Amino acid sequence: MTEKFTGSFTQQEPIPQAGIDAALAVMNHGRLHRYNTQGDEIAETALLEEEFAAATGSKYCLAVASGGYAMTTALRACGVGHGDTVLTNAFTLAPVPGAIAAVGATPIYVGVTEDLVIDLDDLADKITQSKVLLLSHMRGHICDMEALMALCDNAGVTVIEDCAHTMGATWNGTPSGRWGKFGCYSTQTYKHMNSGEGGLLISDDAEGMARAIMLSGSYMLFERHRAAPPVETFKQIKYETPNISGRMDNLRAAILRPQLADLQTQCDRWNALYREVETGLTETPGLHVPPRPEKEGYVASSFQFLLLDWPSEAVQDVIARCLARGVELKWFGGAEPTGFTSRYDSWRYAPSERMPDSDRILAGIIDMRLPLTFTTEDCTLIARIIRAEVSAVYQAQVA
Ligand SMILES: *Cc1c(COP(=O)(O)O)cnc(C)c1O
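In this report, the structure presented in the accompanying data block is examined. Remember, it's a predicted structure, so these values are computed and weren't measured experimentally.

The rules behind the values
- Residues numbered from 1 in each chain as written.
- Predicted model: local features only at pLDDT ≥ 70, side-chain atom pairs only at ≥ 80, totals over all residues.
- Heavy atoms only, no water.
- Axes fitted to C-alpha atoms, helices over the stretch in contact; angles between N-to-C directions.
- Helix = DSSP H or I, 4+ residues; strand = E, 2+ residues; numbered from the N terminus.
- Left-handed = near helix turned anticlockwise from the far one by under 90°.
- Contact = heavy atoms within 4.5 Å.
- Nonpolar A, V, L, I, M, F, W, Y, C, P; charged D, E, K, R; others polar.
- 1 Å grid on protein atoms, 1.4 Å probe; cavity = no way out; pocket = protein on both sides within 12 Å on 5 of 7 lines; lining within 4 Å.
- Points joined across faces, edges and corners; volume = space filled by probe spheres on them.
- Near = heavy atom within 4 Å.
- Polar contact = N/O pair within 3.5 Å; in protein donor to acceptor, adjacent residues only side chain to side chain.
- Areas by Shrake-Rupley, 256 points an atom, 1.4 Å probe, with all protein chains shown as cover.
- Buried < 20%, exposed > 50% of the residue type's maximum accessible area, 1.4 Å probe, protein only.
- Right-handed = clockwise from strand over helix to strand, strands pointing away.
- Core = buried A, V, L, I, M, F, W, Y, C linked by side-chain atoms within 4.5 Å.
- Domains from an automatic or database assignment.
- Pairing = 2+ DSSP bridges.

Topic: the packing of helix α11 (residues 312–324) against helix α13 (residues 376–398)
Argument step 1. Orientation of α11 relative to α13, taken along the N-to-C sense of each, is 145°, at an axis distance of 9 Å. The element α11 and its partner α13 pack so that their crossing is right-handed. Taken together, the residues of α13 that come into contact with α11 (itself represented by Ala314, Asp317, Val318, Arg321 and Cys322) are Ile386, Glu389, Val390, Ala392, Val393 and Gln397.
Argument step 2. Across the contact of α11 with α13, the residue classes tally to 7 nonpolar, 1 polar and 3 charged.

This is the structure:
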């Protein structure tokens, strides 16, 4: 009898009871807008910002409507606009080049390595082509941040980090999001905290954060922010900065605060699931699992492996065989972009020359979610299924 997995790869955990209770309290009093407070009440949104700043060690934090909005706001706050170029990863998700396009700029894609991080040699080759790098820690893989920052600092390139997949993660002990001028996070359902939609932006840069707060639509009520730069910082900025509304509301913030308190526990749980799959796939012929560097404090809410240099029919065969056994894999090498797996060549509004080295990697990337509704036993079974199907197809190829 062939074993089948019956769990759902898209089912997250429920909102913790404390979050449900806090959300009900907000709905009961009706003051959902972040600036709608009574007496000396402090809005849930302002408290979330304060707590997230403390959790990451940043001076300032702004809660916004989405991760994509956090990125466009960071770009705007860095002065990126029409006609500018922005360096970014060729291996990332659509909201990243989308954020660059949203401010009228053009992405310049930087390649991906076999370890699924940005290719620092390719970055060095292209570094003079822009003043800003929107660095995506795609699927939670963090590059050598000391080397990246040295390269960018030397070239006078400002770094904005897309931490949609690295909330809670670190490099050499420093949180992801604390290396660049801005760190951008998403609290969309599939990320590390779930408010349906939502985003967070952190920075130590007073002027940059003042601009971001004005941009988000603060109606001159910036004094109500707690994790914000001093009021004097807004003196000129308040006249110069357009309101491009994208605030977070108190309902979402209420849902998120208890999740932030649990974040470390959740990260540990994700990593336990990840290690279970990793162990189960050890030394599977034809299958490469990117090694995780010593300095990387990863949070692996998803799993990637490579079927490098496999013919695409064989990869498709593996995906179909795993799916028949209940294991849902995503492939970054498909001819057409489907659910969450578009590639740089799918973003035709921002065309690029072919990147043969990256194409080779992208063609081999297999991606799988690891929701916390899975148990470690589920992950053992999932790994057993992948191992069996990859081995079967691999042996047929070699034969
Ligand atoms: C989800 C995601 C974002 C932001 O997404 P929103 O849906 O706008 O919150 C940014 N970058 C990556 C890599 C993502 O996966």
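Having seen the model, we can carry on.
Some points on empty space enclosed by the protein
Argument step 1. Inspection of every chain in the model, using the stated rule, returns 1 cavity of 30 Å³ or more.
Argument step 2. Considered as a void within the structure, the largest cavity measures approximately 40 Å³ in volume.
Argument step 3. Around the largest cavity, the lining residues are Asn89, Ala90, Phe91, Val110, Gly111, Val112, Leu116, Val117, Ile118, Ser136 and Met138.
Argument step 4. Tallied by class, residues from the lining of the largest cavity come to 8 nonpolar, 3 polar and no charged.

Description of the site of the ligand
Argument step 1. The environment of the ligand is made up of 15 residues, and the closest members are Gly67, Gly68, His165, Ser186 and Lys191.
Argument step 2. One nitrogen or oxygen atom from the side chain of Ser186 is found 2.7 Å from an oxygen atom belonging to the ligand.
Argument step 3. Note that an oxygen atom of the ligand is positioned 3.0 Å from one of the side-chain N or O atoms of Lys191.
Argument step 4. Protein chains shield 91% of the accessible area of the ligand, which is 380 Å² for the free molecule.
Argument step 5. Looking at which element gives the most residues to the shell around the ligand, the answer is helix α3 (residues 67–77), with 3 residues.
Argument step 6. Here the residues of the shell around the ligand sort into 5 nonpolar, 8 polar and 2 charged.

Overview of the pairing of strand β5 (residues 158–162)
Argument step 1. For β5, the tally of buried residues reaches 4 of 5 residues, placing the bulk of the element in the interior.
Argument step 2. In this view, the connection linking strand β4 (residues 132–136) to its parallel neighbour β5 by way of helix α6 (residues 145–155) has right-handed handedness.

Structural notes on the nonpolar core
Argument step 1. Core analysis: the largest hydrophobic core is formed by 75 residues, its most contacted members being Leu133, Leu148, Phe305, Val327, Met368 and Ile386.
Argument step 2. For this core, the leading source of residues is α13, giving 8 residues.
Argument step 3. Domain assignment of the residues forming this core places at least three in each of domain 1 (17–261) and domain 2 (263–398).
Argument step 4. Apart from the residues lying within four places of it in its own chain, the contact partners of Ile386 are Leu281, Leu287, Phe305, Cys322, Val327, Leu329 and Met368.
Argument step 5. Grouped together as the second largest cluster of nonpolar side chains are 32 residues, Leu75, Ala77, Met209 and Ala228 included.

Thoughts on the sheet that holds strand β13 (residues 365–369)
Argument step 1. The strand order across the open sheet built from 3 strands is β11-β13-β12, with neighbouring strands paired in antiparallel fashion. Either end of the sheet is taken by a strand with one partner, and the two such strands are β11 (302–306) and β12 (330–331).
Argument step 2. When β12 meets β13, the two strands line up antiparallel, connected through 2 bridges. Residue pairing in the sheet places Lys330 in a bridge with Asp367 of β13.

Quick look at the pairing of strand β1 (residues 60–64)
Argument step 1. Burial of β1 is extensive: 5 of the 5 residues sit out of reach of the surface.
Argument step 2. Every second residue of β1 is oriented toward a common face, with Tyr60, Leu62 and Val64 on one face and Cys61 and Ala63 on the other, all of them buried.
Argument step 3. As paired elements, β1 and strand β9 (residues 199–203) share 5 bridges and run antiparallel to each other. Looking at β9, one finds that Cys61 is bridged to Ile202.

A few points about the layout of surface pockets
Argument step 1. Estimates place the volume of the largest pocket at around 560 Å³.
Argument step 2. Contributing to the lining of the largest pocket are 40 residues, with Leu93, Arg139, His165, Gln188 and Lys191 lying nearest its centre.
Argument step 3. Elements with a contribution of two residues or more to the lining of the largest pocket: α3, α4 (95–102), β8 (182–186) and β13.
Argument step 4. Residue classes in the lining of the largest pocket are distributed as 17 nonpolar, 16 polar and 7 charged.
Argument step 5. Each of domain 1 (17–261) and domain 2 (263–398) gives at least three residues to the lining of the largest pocket.
Argument step 6. In this structure, the second largest pocket occupies an estimated 250 Å³ of space.
Argument step 7. Around the second largest pocket, the lining comprises 16 residues; the ones closest to its centre are Glu13, Pro14, His192, Gln259 and Gln266.
Argument step 8. At 3 residues, helix α10 (residues 263–280) tops the list of elements feeding residues into the lining of the second largest pocket.
Argument step 9. The residues that make up the lining of the second largest pocket include at least three from each of domain 1 (17–261) and domain 2 (263–398).

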